[in-house]
Amino acid sequence: MSNLATMQQFIEEFSFGILVSDGASHVTENTLQASHLPFLLKPEEGEQGSLYSHCARANPQWKLLDKANVLITFSGPHSYISPSWYQARPAVPTWNYAAVHVYGCVELTDKEQSLKAMRALVKKYEPDLLDNQDVVPKLFVDKLLAGIVGFKIKIKKVEGVQKLGQQRSASDQLGVFHGLSGSGSFDSLALAEYMSKSNLGVGNLK
């Protein structure tokens, strides 16, 4: 992927990412830390956009996040590709996938900013929940806010890859697409749907 808008749309669709940061401390050796978190993209903030998220205060990763450079990976559908699906022989197995990597710098957010970002995240997935005081009363939200740490990531660089076999011949592409579509695997079916939606690897030579 070379188009920023395409990569931003990918992040919007597959917004549950992995935050990777340097876990260096004065006590232990330098190690990497990672957390699986939901992210909210605000493409209008900055040249390449900003990401907002939060983690539990009990998660030690946040203590070294402020002003840290981080990597966030977003993974889309992926699946094993059988060489028997190719018309061209000989061939070997491979794995097709789509993913976006985001590099940026972290700023911890205050309570008001964190709450605003959390409400925006809930609105994206379940907008009616924000008005349901029986399920999520305001006092309960205020109490939970004390147990999380919010942060913003100013995006510096975005890289995306769509390895969908689009470089192969039309017959090989169709063989893979039909192989995935006929599979009973959820991952394979999801990848076939993504390929169809993206119009890549489905027999249309670029």
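Each value, and the rule that gives it
- Residue numbers run consecutively from 1 along every chain, following the written order of its sequence.
- pLDDT decides what is reported in this predicted model: residues at 70 or higher carry local features, side-chain atom pairs at 80 or more are listed and counted, and totals for whole chains, interfaces and linings draw on all residues regardless.
- Values shown for side chains rest on all heavy atoms present in the structure; no hydrogens or waters enter the calculation.
- The set of buried Ala, Val, Leu, Ile, Met, Phe, Trp, Tyr and Cys residues whose side-chain atoms join them within 4.5 Å is what this entry labels a nonpolar core.
- Partly exposed residues are those whose accessible area sits between 20% and 50% of the maximum for their type, while under 20% is buried and over 50% is exposed, using a 1.4 Å probe and protein chains only.
- Going along the chain from the N terminus, every DSSP run of H or I of four or more residues is numbered as a helix, and every run of E of two or more is numbered as a strand.
- The contact rule is simple, with two residues in contact once any of their heavy atoms fall within 4.5 Å.
- Centres within 6.5 Å make a pair out of two Phe, Tyr or Trp rings, where for Trp the six-membered ring is used; the pair is then stacked when the planes are under 30 degrees apart, edge-to-face when over 60, and tilted otherwise.
- Charge-over-ring placement is defined geometrically: NZ (Lys) or CZ (Arg) within 6 Å of the ring centre, and within 35 degrees of the ring normal.
- Only the contacting stretch of a helix is used when fitting its axis, a line to C-alpha atoms as for every element, and angles between N-to-C directions run 0 to 180 degrees.
- For classification purposes, an angle smaller than 35 degrees is called roughly parallel, one larger than 145 roughly antiparallel, one from 65 to 115 roughly perpendicular, and anything else oblique.
- Crossing handedness: left-handed means the near helix sits turned counterclockwise from the far one by under a right angle, and right-handed means the same turn made clockwise.
- Side-chain classes are defined by residue name, with Ala, Val, Leu, Ile, Met, Phe, Trp, Tyr, Cys and Pro counting as nonpolar, Asp, Glu, Lys and Arg as charged, and the others, Gly among them, as polar.
- A pair of strands counts as paired when DSSP detects no fewer than two bridges linking them.
- Using protein atoms alone on a 1 Å grid, points that fit a 1.4 Å probe yet trap it form a cavity, whereas open point sets bounded by protein on both sides within 12 Å along at least five of seven lines form a pocket; residues with an atom within 4 Å of a point count as lining.
- Grid points are joined across faces, edges and corners, and a volume is the space filled by probe spheres set on the points.
- We count a salt bridge whenever a side-chain nitrogen from Lys or Arg sits within 4 Å of a carboxyl oxygen from Asp or Glu.
- Patch construction takes residues with relative accessible area above 30% that form no salt bridge. Like charges are linked within 9 Å, and nonpolar side chains (Val, Leu, Ile, Met, Phe, Trp, Tyr) are linked within 5 Å.
- Here the open area of atoms and residues is found with the Shrake-Rupley method and a 1.4 Å probe, where only the protein chains shown may cover a residue.

J.: I would appreciate a short explanation of the nonpolar core in the present structure.
T.: Counting 37 residues, the largest nonpolar core has L19, F39, L51, I72, V102, F151 and I153 as the members making the most contacts within it. Secondary structure elements with two or more residues in this core: helix 1 (4-13), strand 4 (50-56), strand 5 (69-81), strand 6 (94-108), strand 7 (148-163), helix 4 (170-181) and helix 5 (186-198). The element that contributes the greatest number of residues to this core is strand 7, accounting for five residues. Those residues within four positions of L19 in sequence are excluded, and the remaining contacts are Q33, A34, S35, L37, F39, Q61, L65, V70, L71, I72, F151 and I153.

J.: Is there a simple way to explain the packing of aromatic side chains in this structure?
T.: Within a pair of aromatic rings, the relevant descriptors are the distance that separates the centres and the angle that separates the planes. Evaluation of the coordinates by the stated rule reveals five aromatic pairs. In this structure an aromatic cluster arises from ring pairing among F10, F14 and Y194. Here R57 stacks its cationic end above the ring of W62, 5.3 Å away from the centre of that ring. The ring of Y103 has K157 lying over it, and the distance from NZ or CZ to the ring centre is 4.7 Å.

J.: It is not clear to me how the packing of helix 4 against helix 5 should be interpreted in this structure. Could you clarify?
T.: If you want to describe how two helices pack, look at the angle between their axes and the distance between the axes. Between helix 4 and helix 5, the least distance of the axes is 7 Å, while the angle of their chain directions is 135°. Classified by the angle their axes make, helix 4 and helix 5 are oblique. Taken as a pair, helix 4 and helix 5 cross one another with a handedness that is left-handed. On helix 5, the residues touching F177, L180 and S181 of helix 4 are S188, L189, L191, A192, M195 and S196. Looking at the contact of helix 4 with helix 5, its residues break down into six nonpolar, three polar and no charged.

J.: Explain the sheet that holds strand 4 to me, please; I cannot follow it from the model alone.
T.: The strands making up a sheet are joined through hydrogen bonds of the backbone, oriented either antiparallel or parallel. Spatially, 2-1-5-6-7-4-3 is the arrangement adopted by the seven strands of the open sheet, whose pairing is antiparallel. The sheet is open, and its two borders are formed by strand 2 (32-38) and strand 3 (40-42), each paired with just one other strand. Within this sheet the neighbouring strands show an average axis-to-axis angle of 35°, counted without direction. In the sheet, strand 6 pairs with strand 7 via twelve bridges, with the strands oriented antiparallel. When the bridges of strand 7 are listed, E107 appears paired with K152.

J.: When you look at the environment of M7 in this model, what are you seeing that I'm missing?
T.: Along the chain, the position of M7 falls in helix 1. Classification of M7 by relative accessible area gives buried; the value is 4%. Expressed as a C-alpha distance, the spacing of M7 and A99, which sit 92 residues apart in the sequence, is 8.9 Å. Among all residues touching M7, those that are not within four sequence positions of it are M1, S2, V100, V158, E159 and G160.

J.: When you look at the layout of surface pockets in this model, what are you seeing that I'm missing?
T.: To find leftover empty space, a probe the size of one water molecule is rolled over the atoms. In this structure, the largest pocket spans a volume of roughly 360 Å³. Lining the largest pocket are 14 residues, with L115, R119, L130, V136 and V141 sitting closest to its centre. Looking at the lining of the largest pocket, the elements with two or more residues in it are helix 2 (111-125) and helix 3 (138-145). Looking at the lining of the largest pocket residue by residue, the class counts come to ten nonpolar, one polar and three charged.

J.: Hey, could you run me through the pattern of salt bridges in this one?
T.: Opposite charge on two side chains allows them to pair when their charged atoms are near. If you walk through the whole model with that rule in mind, you get six salt bridges. D66 serves as the salt-bridge partner of K67, at 3.5 Å between the closest nitrogen and oxygen.

J.: Help me out: how do you make sense of a nonpolar patch on the surface in this one?
T.: Together, Y80, W95, Y97 and V161 line one region of the surface with nonpolar side chains, adding up to about 380 Å² of accessible area. Mapped onto the secondary structure, V161 falls in strand 7. For V161, a relative accessible area of 38% gives the class partly exposed.

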